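What follows is each chain in one-letter form.
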Amino acid sequence: MANGTISMDEVVQSTLKGIIKSHKEYMKWSDGEWLWNAPEYFITVKIAEKIAKLEKSKFITMEDNVHYILGHANAKGSGKVHSDIRKDGRFDIVLWWAGGNPRAVIEVKNGVNSYNKIESDIARIKEVLKRKQVDSEIQFGLIAFYISQQYKDSAESKLKKQIDHIFDEAKSSMGTDLKIQQYGQEYISCEDDKNAYCPVVFLIKRYT
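A quick note: this is a predicted structure, and the numbers were derived from the prediction, not measured. (Residues numbered from 1 in each chain as written. Predicted model: local features only at pLDDT ≥ 70, side-chain atom pairs only at ≥ 80, totals over all residues. Heavy atoms only, no water.)

Trainee: I'd like a description of the overall build of the protein chain, backed by residues and values.
Mentor: A tally of regular secondary structure across the protein chain gives five helices and seven strands. Each helix and strand of the protein chain, placed in order from N terminus to C terminus, yields the pattern α-α-β-α-β-β-α-β-α-β-β-β. Taken over the C-alpha trace, the protein chain has a radius of gyration of 17 Å; the compact-globule value for 208 residues is 17 Å, and the two agree within 12%. Taking the principal axes of its C-alpha atoms as reference, the protein chain extends roughly 55 × 40 × 30 Å. Put simply, of all contacts in the protein chain between residues at least 6 apart along the chain, 72% involve residues at least 24 apart. A total accessible area of about 10,000 Å² is found for the protein chain, and carbon and sulfur atoms account for 47% of it. Charged side chains of the protein chain number 31 positive and 29 negative; the gap between the two group centres comes to 3 Å. (Helix = DSSP H or I, 4+ residues; strand = E, 2+ residues; numbered from the N terminus. Rg over C-alpha atoms; globule rule 2.2 N^0.38 Å. Contact = heavy atoms within 4.5 Å. Areas by Shrake-Rupley, 256 points an atom, 1.4 Å probe, with all protein chains shown as cover. Lys, Arg positive; Asp, Glu negative; His and termini not counted. Charge placed at Lys NZ, Arg CZ, Asp CG, Glu CD.)

In structure tokens, the structure reads:
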């Protein structure tokens, strides 16, 4: 029987492991193709599988309606919903409290090479967390992405710098109400000093 609440760190680590599993499985299936060639939804499913296997109290849904989730999280209320939330869209993955309210939203991206690729997802999570903060059950959000790059040399160190640059841009957009943390660089894989990939997660939550 599942007991206890999943920690944010467990969610983050399961998400990173889901991206790694996606890369390894797709390479096996495709006879060597890297994950950036795969459909984004493949990564989303593998992340959801990893989180689902955590034997703690929770449930998860995929491609859930944003308007529906805001309502169940007590985050809708009255007043216009910020356009960055894209209320008629869908969240890639939603983690729910065992009691039946949404706890976290996860957005997934493949083939990220710049902040622009995740900018709209960062904006969405920011506005979701800022909305109806006193009543909202939504505790945090994740941007999860796969990044790979080919360089002439020093691939690992150059990929680290690229990830840090993306993170710095994301951090500068947070304002004073939210904080963001980066995870995943410990899992960088560099096969020949020219080709490297990394699973990355940015955790966004309120200061309070």
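So that's the structure; there's more coming.
Trainee: Explain the pattern of salt bridges residue by residue, including any values.
Mentor: All chains considered together, the criterion is met by 11 salt bridges. Here K56 ties to E10 by a salt bridge, and the two come within 3.1 Å at their closest N and O atoms. Linking K56 in the loop between α2 (40-52) and β1 (59-65) with E10 in helix α1 (residues 8-30), this pair joins segments that are 46 residues apart in sequence. Residue E10 is classed as partly exposed on the basis of its relative accessible area, which comes to 25%. The salt bridge partner of K46 is E49, with a shortest N-O separation of 3.6 Å. (Salt bridge = Lys/Arg side-chain N within 4 Å of Asp/Glu carboxyl O. Buried < 20%, exposed > 50% of the residue type's maximum accessible area, 1.4 Å probe, protein only.)

Trainee: Please give an account of the nonpolar core that cites residues and values.
Mentor: Ranked by size, the top nonpolar core spans 38 residues in total, and within it I118, I122, F145, F202 and I204 carry the most contacts. Only α3 (66-72), β2 (90-96), α4 (119-130), β4 (140-150), α5 (155-172), β5 (178-183) and β7 (195-206) provide two or more residues apiece to this core. Among the elements that make up this core, the one with the highest residue count is α5 (six residues). (Core = buried A, V, L, I, M, F, W, Y, C linked by side-chain atoms within 4.5 Å.)

Trainee: Would you mind going over α4 in detail, with residue names and values included?
Mentor: Between its first and last C-alpha atoms α4 spans 17 Å; for 12 residues at 1.5 Å apiece the expected length is 16 Å, and the two agree. Most of α4 is tucked away: nine of the 12 residues are buried. Those residues of α4 that fall on the buried side of the exposure criterion are D121, I122, A123, R124, I125, K126, E127, V128 and L129. Just downstream of α4, K132 is the residue with a positive phi angle, here 50 degrees. (Expected span 1.5 Å × (residues − 1).)

Trainee: Please set out the environment of E49 residue by residue, giving values where relevant.
Mentor: Within the secondary structure, E49 is located in helix α2. Placed 34 residues apart in sequence, E49 and T15 show a C-alpha to C-alpha distance of 9.2 Å.

Trainee: Can you explain the pairing of β4? Please cite residues and give values.
Mentor: Counting buried positions over the 11 residues of β4 gives nine, a clear majority of the element. Taken together, the six bridges between strand β3 (residues 102-109) and β4 define a ladder with parallel strand orientation. Of the residues in β4, the one forming a bridge with I106 is L142. Sheet analysis places β4 next to β7, joined by 11 bridges and oriented antiparallel. Residue pairing in the sheet places L142 in a bridge with L203 of β7. (Pairing = 2+ DSSP bridges.)

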